[in-house]
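# Observations on chain architecture
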Amino acid sequence: MEVESIRIIEDQIIEEFAHFEDWMDKYNYIIEMGKDVPKIDPDLKTDNNLISGCQSRVWLHAEYKDGIVLFSADSEAVITRGLASLLIRVMNKQTPEDILNSDFFFVKKLGLKEHLSPNRSNGLVSMIKQMKLYALAFQTKASR
Amino acid sequence: MEVESIRIIEDQIIEEFAHFEDWMDKYNYIIEMGKDVPKIDPDLKTDNNLISGCQSRVWLHAEYKDGIVLFSADSEAVITRGLASLLIRVMNKQTPEDILNSDFFFVKKLGLKEHLSPNRSNGLVSMIKQMKLYALAFQTKASR
Amino acid sequence: MNPFDIQKIRADFPILDREVYGNKLVYLDNAATAQKPQVVIDAIVDYYTWNNSNIHRGVHYLSQIATSAYEDARETIRAYINAKEKYEVIFTKGTTDAINLLAYSFGEKYIHAGDEIIVSALEHHSNLVPWQILCQRKQAKLKIVPVNDKGEFIFEEFEKLLSSKTKLVAVAHISNALGSINPIKKIIKKAHERNIPVMIDGAQGIVHSAVDVQELDCDFYAFSGHKLYAPMGVGVLYGKEQYLEEMPPYQMGGEMVDQVSYQHTTYNRLPFKFEAGTPNVEAVLGLNAAINYIKGIGIEQIYRHENELLKYATNKLKKIEGIRIIGEADQKAGVVSFLIGEIHPYDAGTIIDHFGIAIRTGHHCAQPIIDHFKIPGTIRASFAMYNNFDEIDLLINAVKQVKKMFE
Amino acid sequence: MNPFDIQKIRADFPILDREVYGNKLVYLDNAATAQKPQVVIDAIVDYYTWNNSNIHRGVHYLSQIATSAYEDARETIRAYINAKEKYEVIFTKGTTDAINLLAYSFGEKYIHAGDEIIVSALEHHSNLVPWQILCQRKQAKLKIVPVNDKGEFIFEEFEKLLSSKTKLVAVAHISNALGSINPIKKIIKKAHERNIPVMIDGAQGIVHSAVDVQELDCDFYAFSGHKLYAPMGVGVLYGKEQYLEEMPPYQMGGEMVDQVSYQHTTYNRLPFKFEAGTPNVEAVLGLNAAINYIKGIGIEQIYRHENELLKYATNKLKKIEGIRIIGEADQKAGVVSFLIGEIHPYDAGTIIDHFGIAIRTGHHCAQPIIDHFKIPGTIRASFAMYNNFDEIDLLINAVKQVKKMFE
Ligand SMILES: Cc1ncc(COP(=O)(O)O)c(C=O)c1O
Ligand SMILES: Cc1ncc(COP(=O)(O)O)c(C=O)c1O
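Since we're looking at a predicted model, the values are computed, not measured. Throughout, residues of each chain are indexed from 1 in the direction in which the sequence is written. Chains and ligands are labelled by the order in which they are written, letters from A for the one and numbers from 1 for the other. In view of the model being predicted, local features appear only for residues whose pLDDT reaches at least 70, and side-chain atom pairs are presented and counted only at 80 or more, with totals across whole chains, interfaces and linings using the full set of residues. Only heavy atoms go into the side-chain values, all of them from the structure, while hydrogens and water stay out.

Below, the discussion takes up the interface of chain D and chain C. The contact rule is simple, with two residues in contact once any of their heavy atoms fall within 4.5 Å. Listed by partner, the interface residues are 89 residues for chain D and 88 residues for chain C. Buried area: the sum, over both parts, of the accessible surface (1.4 Å probe) that disappears when the two are put together. Buried surface at the junction of chain D and chain C, both sides included, amounts to about 7200 Å², of which 58% is carbon and sulfur. When the buried surface of chain D facing chain C is broken down by residue, D:Tyr48, D:Met232 and D:Tyr262 rank first, second and third, together holding 11% of it. A carboxyl oxygen of Asp or Glu within 4 Å of a side-chain nitrogen of Lys or Arg is what we treat as a salt bridge. For the interface between chain D and chain C, the tally reads two salt bridges. A salt bridge links D:Asp97 to C:Lys93; the nearest nitrogen and oxygen atoms lie 3.2 Å apart. Throughout this description, a polar contact denotes any pair of N or O atoms lying within 3.5 Å of each other; where both atoms belong to protein, one of them has to be capable of donating a hydrogen while the other can accept it, and for residues adjacent in sequence the pair is counted only when both atoms sit in side chains. At the boundary of chain D and chain C, one finds 40 residue pairs in polar contact (both at pLDDT 80 or more).

This is the structure:
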């Protein structure tokens, strides 16, 4: 199966969010999405996979296989899990290069500004950063 | 010679100052007064007699003799010397009791507010305090 | 005394007219920082528009005006907390700065290897970590007074910890995480029986109660301006003269030195010994305005009002199924911490925020007490003089929405 | 670049309309603290009227707005001094606080018995006493680079003092007492040849010149907001990441910790590791506004204007018989210190004040350099962007009056 390009999935999500009339619908959807996150193997809920600086504990794991990156995640907080799920829906099974080249532009389009502040309680910015770090690590490894 | 009471000398000084038309005349007079200060014996210009917290060094000495206090002073700054001279004119040869009971009310009447702030560059407040401390010390000594 | 006129008070705080996400702001994060009445904002504007200057050693007019105003503010604070001497009031940048000053300076003078310092299990990190580090540095030991499941300081355990090794007791007046009021008067009395000095972290205490340091007989009392309706960047360390005199200075430079040469430096007298560098005159004048404002209303009246809000909120919350109040001390002020069923506080906070309601979630910089309850944090609503019952109804409504969304 | 419009600039500073003793204020005490433009006052008012909140861990809207604004201000400052990383910009309460932080934290990590620290004979007490005390504490030695009779740092003497024992060089960028500009670029280069880090006290330097910390390659640079047209209560310590990472924290509590338990506390990452307690968001936003204001005018233009004022004032003063300029360095900025014959500076200052002119007299917290010249202090006029030539004429006139009164 061909993986859809990052941009196509991003556009899908933006489209989905465009239908919501108010913030509550939006959050209900994010909460719903939380159920679909590729759950991290409990053994991988280690401090190493913990994303620091969030109010709820968030674990993000990545594996590199056949040139693509596989993400899984979990969080104590449902909203954070939902956001992780959105990110993974876009970035899962992409190449390190594509992940690194992405500006995660859909995130800005969803009207979730409150999650994009430098406020360190927010998992979203940290998760994006961590995804890029994984991608960078895999890219470096692959090129050696 | 009978010493005039503190209040009488205070009133004299207030009267003198009432004649000045502007601040410059007032200061010229203070500068003039600086020449009349009972000069402290150079041997008494010790750190002990130094009043701390002034921008110019000020020495104030006191002696207790026959029930009255004799003050002498000097300062590097002419204005401070003039102010010392005013204080001494009032407090010299008074009893410790009278000095302690005085509220130095003339000082407030001279329109020298700038010298009465808690600003520690000002010698005036510190000199008044030191005069009272001397008076207190002599009173305590005498009553023992 | 004037009647407590909540409408008038609210009108004094311009930010309360603000909207957040299309709703009128409901500000219930007062334990983190309080909003400022117009008189405090005006004091700042006036200062910079008319009287700004560096203070103390200047002989010029502005410098004298600013110095007088600054020292008058010190007197306002002295009178407000009833310190004996004006120079027992040291200006710092906040409670954290005050406690760090104390930990360093008191520590240098009085703490030696083998000594013990007692804190409670309720402390804010700012009244815990400085003592941890001091104990490490001096090879002393930190002792913790435990709390019971209501979040109350266990006095009997405190008594057991006191010994001839104890050199200081450092406890919060009121816990910022749970709202528990500690029995500080009893604590001070008990410690003083053994001549042990006591420092009170009054960051929350000064906001919700009248403080008379002579009546309490505490040896140190620290608080922040910004939680007391004053500007950020100023705090107070009150200390008894006998200790302040003996303690070495903390920061060096500027006003705190008297004579300086390369060989030898002598320090200025109190309070200047502890006020190095250009002081924050602006914030000190703002604190002066804030205290005068509070005096105009009456701290007892403020406390009574906040207490009614607290009871009202607690009762309403308890009626919601699954709500767990964290911290149910008999003596409580200003703060209600809670959890909604199994919902993570961060989830709840995110949703409540969207109703325009500012509450705080997390460990409130008091991680150990949160760990004690084995929870990931709490949702905390904290009250100020300007909050009203309608605002609590809005909070209750938002909490119910949260339940709907996550359960 | 816009032309330098002094009329427009003056109109931006409301205090300049003030009267003192019936005369229009002439404010020439800028090295002590600068006046504030309306945009800075407005930034404070806006903050407290609309956006006031405690920052960082809060999830609510106001907290996020305030956090963003605070972190944006850090970026403004990073860009202004061209630091490599944003987290190399640490907010303190002022220069004194910054240098004390450094003396403690750098001292703990890098200074040991027998080591040497070099300062100059021109230092402000805030860049002298902290190092004295550190040297006492660690049994290290403080070495002083002498100045010549023009008040210039003697580079050859500096070179002689450098040795394998030298662990830090700490010098002022510009002397507040004399105005001498130190050759910091050369100093840094020389010290780096031996891998010795250099900290610059930029309290005056940042006001009168463009500062590019990467180009200078200094390891630390400290300055205060209040001298840079910003509110009181904020300063900056810039430090290279490699040092800041290794240095232990200075103050404990609040934001600077990551995980806290009774057994063990771990620290937050940079810059938060060094920012304990509730930060002064207000003053940081004010500093942001001040820097944007300066950028709008251009620091080079400001420097050129101030330099013209300095030359004009110096020439006019020199024409008065008996005037002695203290400090005649070839490279000078912002400050002219002088004496009028044998007249005590305090006498002169008292009279000059009555003309509504704010100048400073005394040792300017730089006693050693004053002692070097064997004088009781100086009269100091210091310039800011808003001063004009008329004001200097008024000063000259007042100086002549002083001569008349005392000679
Ligand atoms: C009980 C208590 N102690 C100390 C502090 C620290 O105060 P600041 O951050 O103003 O230094 C706080 C504020 O959060 C507090 O609530
Ligand atoms: C060169 C120099 N260093 C340090 C300081 C101390 O600055 P602050 O008082 O703002 O901490 C000053 C200010 O007087 C200064 O001019």
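What makes a residue near a molecule or strand is one non-hydrogen atom of that residue sitting within 4 Å of it. Within the structure, ligand 1 sits among 13 residues, and C:Thr96, C:Asp201, C:Ser224, C:Lys227 and D:Thr278 are positioned closest to it. Residues close to ligand 1 are split across chains C and D. Measuring from a nitrogen atom of ligand 1, one finds a side-chain N or O atom of C:Asp201 at 2.6 Å. Contacts to ligand 1 include C:His226, whose side-chain N or O atom sits 2.7 Å from an oxygen atom. Grouping the amino acids of the shell around ligand 1 by side-chain chemistry returns one nonpolar, ten polar and two charged. Note on residue classes: Ala, Val, Leu, Ile, Met, Phe, Trp, Tyr, Cys and Pro are nonpolar, Asp, Glu, Lys and Arg are charged, and everything else, Gly too, is polar.

Note on the identical chains: chain D maps onto chain C by a rotation of 180 degrees and an axial translation of 0.0 Å, with an RMSD of 0.0 Å. Expressed as a symmetry operation, the mapping of one chain copy onto the other fits a two-fold axis. In terms of proximity to the rotation axis, the leading residue of chain D is D:Gly233, whose C-alpha is 2.9 Å off the axis. Same-surface contact between copies: 99% of interface residues of chain D are shared with the interface of chain C. Superposition of the copies was done by least squares, using only C-alpha atoms of residues whose pLDDT is at least 70 in both.

Here the focus is the site of ligand 2. The full set close to ligand 2 counts 13 residues, and C:Thr278, D:Thr96, D:Asp201, D:Ser224 and D:Lys227 are the nearest of them. Ligand 2 sits at a junction of chains, with neighbouring residues supplied by chains C and D. Here an oxygen atom of ligand 2 sits 2.6 Å away from a polar atom, N or O, in the side chain of D:Ser224. Protein chains shield 94% of the accessible area of ligand 2, which is 400 Å² for the free molecule. For every accessible area listed, the method is Shrake-Rupley and the probe measures 1.4 Å; residues are considered covered only by the protein chains on display.

Glancing now at the arrangement of the chains. Across the five pairs of chains that are in contact, the largest number of contacts falls between chains C and D. Spatially, chain A is disjoint from chain B: no contact exists, and the shortest C-alpha separation is 44 Å.

Relative to the assigned elements, C:Thr350 resides in helix α13 (residues 345-354). For C:Thr350, the side chain forms a polar contact with the main-chain oxygen of C:Tyr346, separated by 2.7 Å. Setting aside anything within four residues of it in sequence, one finds C:Thr350 in contact with A:Tyr27, A:Ile79, A:His115 and D:Val59. Starting at the N terminus, helices and strands are each numbered in turn, a helix being any DSSP run of H or I of at least four residues and a strand any DSSP run of E of at least two.

Let us now look at the sheet that holds strand β13 (residues 323-326) of chain C. All names here are of chain C. DSSP-based pairing: two strands are paired if at least 2 bridges between them are found. Sheet architecture is open: four strands sit in the order β13-β14-β17-β16, paired in antiparallel fashion. Two strands in the sheet have a free side with no partner beyond their single neighbour: β13 and β16 (360-362). Each neighbouring strand pair of the sheet contributes to a mean axis angle of 30 degrees, computed without reference to strand direction. Bridge count between β13 and strand β14 (residues 335-340): four bridges; the pairing is antiparallel. Paired with Ile323 across the strands is Ile340, a residue of β14. Fitted lines through C-alpha atoms serve as axes, helices being fitted only where they are in contact, and the angles separating the N-to-C directions of these axes extend from 0 to 180 degrees.

Attention shifts here to the environment of A:Asp98. Within the secondary structure, A:Asp98 sits in helix α4 (residues 96-101). Distance in space between the C-alpha atoms of A:Asp98 and A:Ile68 is 9.6 Å, their sequence separation being 30 residues.

Let us now look at the packing of aromatic side chains. Stacked, tilted and edge-to-face are the three classes assigned to paired rings of Phe, Tyr and Trp, where Trp is represented by its six-membered ring and a pair needs centres within 6.5 Å; plane angles under 30 degrees give stacked, over 60 edge-to-face, the rest tilted. One pass over the structure, following the stated rule, counts 52 aromatic pairs over all chains. We note A:Lys45 situated over the ring of A:Trp59; from NZ or CZ to the ring centre the distance is 4.8 Å. Note on geometry: a ring has a charge over it if NZ (lysine) or CZ (arginine) is within 6 Å of the ring centre and within 35 degrees of the ring normal. For C:Lys186, the ring lying beneath its charged end belongs to C:Phe155, and the centroid distance is 4.2 Å.

Before going further, it helps to examine the environment of C:Glu246. Residue and element names in this part refer to chain C. Examined against the element boundaries, Glu246 turns out to sit in helix α10 (residues 241-246). Taking C-alpha positions, Glu246 is 9.4 Å from Ser105, a pair spaced 141 residues apart along the chain. Other than its neighbours up to four places away in sequence, Glu246 contacts Lys109, Tyr110 and Lys273.

The parts lose accessible area when they come together, and the size of an interface is often stated as this lost area. Taken together, the 16 residues of chain A in the interface contact 14 residues of chain C. A buried area of about 1400 Å², summed over both sides, lies between chain A and chain C, and 64% of it is on carbon and sulfur atoms. When the buried surface of chain A facing chain C is broken down by residue, A:Trp23, A:Gln55 and A:Ile79 rank first, second and third, together holding 40% of it. Where chain A packs against chain C, one counts zero salt bridges. The interface formed by chain A and chain C includes four residue pairs in polar contact (both at pLDDT 80 or more). Within the residue set of the side of chain A that touches chain C, elements represented by two or more residues are α2 (23-34) and α3 (78-91) of chain A.

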